[in-house]
Amino acid sequence: MSLFLLYALNWFLVIILFIVLVLLVIWMVTGYRAKVPFVPVPNSILKDIYQLMKVREDSVVYDLGCGDGRVLFYISHFVPKARYIGIENVTFPLILAHLRAWWHRKITGTQIEILNQDFFKQDLSNATHIFTYLYPNVMDDLLPKLEKELKPGTKLVSVTFKFTLKQPSQEFDLKRSKYKLARKIYIYEF
Ligand SMILES: C[S@@+](CC[C@H](N)C(=O)[O-])C[C@H]1O[C@@H](n2cnc3c(N)ncnc32)[C@H](O)[C@@H]1O
């Protein structure tokens, strides 16, 4: 390899490292206030989530704390006619979700709504399906709101975390290694 190529490769790696560091700093700075950090569900369990959600064409699907929106984007490939609303209030994941929504609309023509909002302040009464990957204390704080607002029959699918005061109607062990995150899915009916 010529000296020039080695030199170019060196600079390329330095630039990549710099971009990664900048993203890391943005992630830390924008996320430090959040009660739940931006940790997206692993791509390998998206298929399980989709199969358990059972979204229909007339569904209204919310992801509370949608991160980069991957769950909604994944499901919408299979059920493009449903309505999808991701709610997120931290800058870094919001930017990612908006970029993905823009790209998704360009490629598929399907609109995924991304709201810059605290989900505790969002009216959820039109939901038919809710997805969560939060923390147990946040789930418990949400329960009174959900019980008051949701229509009977609304389904909530939660990765890893349960409500303390509500029993899931079903739970699924994803049979992932004990060293990995996101090993269980809980299903609730309201
Ligand atoms: C563990 S991540 C899950 C992201 C995404 N749902 C997924 O499964 O890939 C939780 C997300 O919830 C967001 N979040 C936490 N509290 C929130 C609130 N009150 N309103 C909106 N978003 C919130 C965090 O910023 C974070 O991006």
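Everything here concerns the structure above.
A brief report on the enclosed structure follows. What you see is a predicted model; the values in this text were computed from it and never measured. (Residues numbered from 1 in each chain as written. Predicted model: local features only at pLDDT ≥ 70, side-chain atom pairs only at ≥ 80, totals over all residues. Heavy atoms only, no water.)

Okay, the overall build of the chain next. Helices and strands together make up the secondary structure of the chain, namely five helices and seven strands. The linear arrangement of helices and strands in the chain, starting from the amino end, is α-α-β-α-β-α-β-β-α-β-β-β. Referenced to the eigenvectors of the C-alpha coordinate spread, the extents of the chain come out at roughly 70 × 35 × 35 Å. Within the chain, the proportion of its 190 residues that are buried is 42%. Of the contacts formed within the chain by residues at least 6 apart in sequence, a portion of 67% connects residues at least 24 apart. Summed over its atoms, the accessible surface of the chain is roughly 11,300 Å², and 62% of this surface lies on carbon and sulfur atoms. (Helix = DSSP H or I, 4+ residues; strand = E, 2+ residues; numbered from the N terminus. Buried < 20%, exposed > 50% of the residue type's maximum accessible area, 1.4 Å probe, protein only. Contact = heavy atoms within 4.5 Å. Areas by Shrake-Rupley, 256 points an atom, 1.4 Å probe, with all protein chains shown as cover.)

Glancing now at the site of the ligand. Around the ligand, a shell composed of 23 residues is seen, among which Val41, Gly65, Glu88, Asp118 and Phe119 lie nearest. Within the backbone of Val41, one N or O atom sits 3.0 Å away from an oxygen atom of the ligand. Measuring from an oxygen atom of the ligand, one finds a side-chain N or O atom of Glu88 at 2.6 Å. Here the ligand loses 96% of its free accessible area of 600 Å² to cover by the protein chains. Looking at side-chain class alone, the shell around the ligand contains 15 nonpolar, four polar and four charged residues. (Near = heavy atom within 4 Å. Polar contact = N/O pair within 3.5 Å; in protein donor to acceptor, adjacent residues only side chain to side chain. Nonpolar A, V, L, I, M, F, W, Y, C, P; charged D, E, K, R; others polar.)

This next bit is on the sheet that holds strand β3 (residues 113–116). In space, the seven strands of this open sheet follow the order β3-β2-β1-β4-β5-β7-β6, with mixed pairing throughout. Taken across any chain shown, the strands that pair with only one partner, and hence form the sheet edges, are β3 and β6 (170–173). Recorded for the sheet is a direction-independent mean angle of 15° between the axes of neighbouring strands. Packing of helix α2 (residues 46–53) onto the sheet brings it into contact with β1 (60–64), β4 (129–132), β5 (155–159), β6 and β7 (184–189), and relative to β5 it is tilted by some 160°. Helix-sheet contacts for helix α3 (residues 70–78) involve β1, β2 (83–88) and β4, and the interaxial angle to β2 is about 170°. (Pairing = 2+ DSSP bridges. Axes fitted to C-alpha atoms, helices over the stretch in contact; angles between N-to-C directions.)

Where α3 meets helix α4 (residues 91–108), the axes come as close as 10 Å, and the angle between the chain directions of the two elements is 15°. The orientation of α3 relative to α4 falls into the category roughly parallel. Relative to α4, the crossing made by α3 is right-handed. Only Ala97, Arg100, Ala101, His104 and Thr108 of α4 make contact with α3, whose side of the interface consists of Arg70, Phe73, Ser76 and His77. Looking at the contact of α3 with α4 residue by residue, the classes come out as three nonpolar, four polar and two charged. (Parallel < 35°, antiparallel > 145°, perpendicular 65-115°, else oblique. Left-handed = near helix turned anticlockwise from the far one by under 90°.)

Moving on: the pattern of salt bridges. One pass over the structure, following the stated rule, counts six salt bridges. In this structure, Lys145 and Glu149 form a salt bridge, with 2.9 Å as the shortest nitrogen-oxygen distance. A residue pair is termed a helical-turn pair when its members lie 3 or 4 positions apart in one helix, as Lys145 and Glu149 do in helix α5 (residues 136–149) at four residues. When its relative accessible area of 25% is taken as the criterion, Glu149 is described as partly exposed. Each member of the salt-bridge network shares a partner with another, and the members are Asp68, Arg70 and Arg100. (Salt bridge = Lys/Arg side-chain N within 4 Å of Asp/Glu carboxyl O.)

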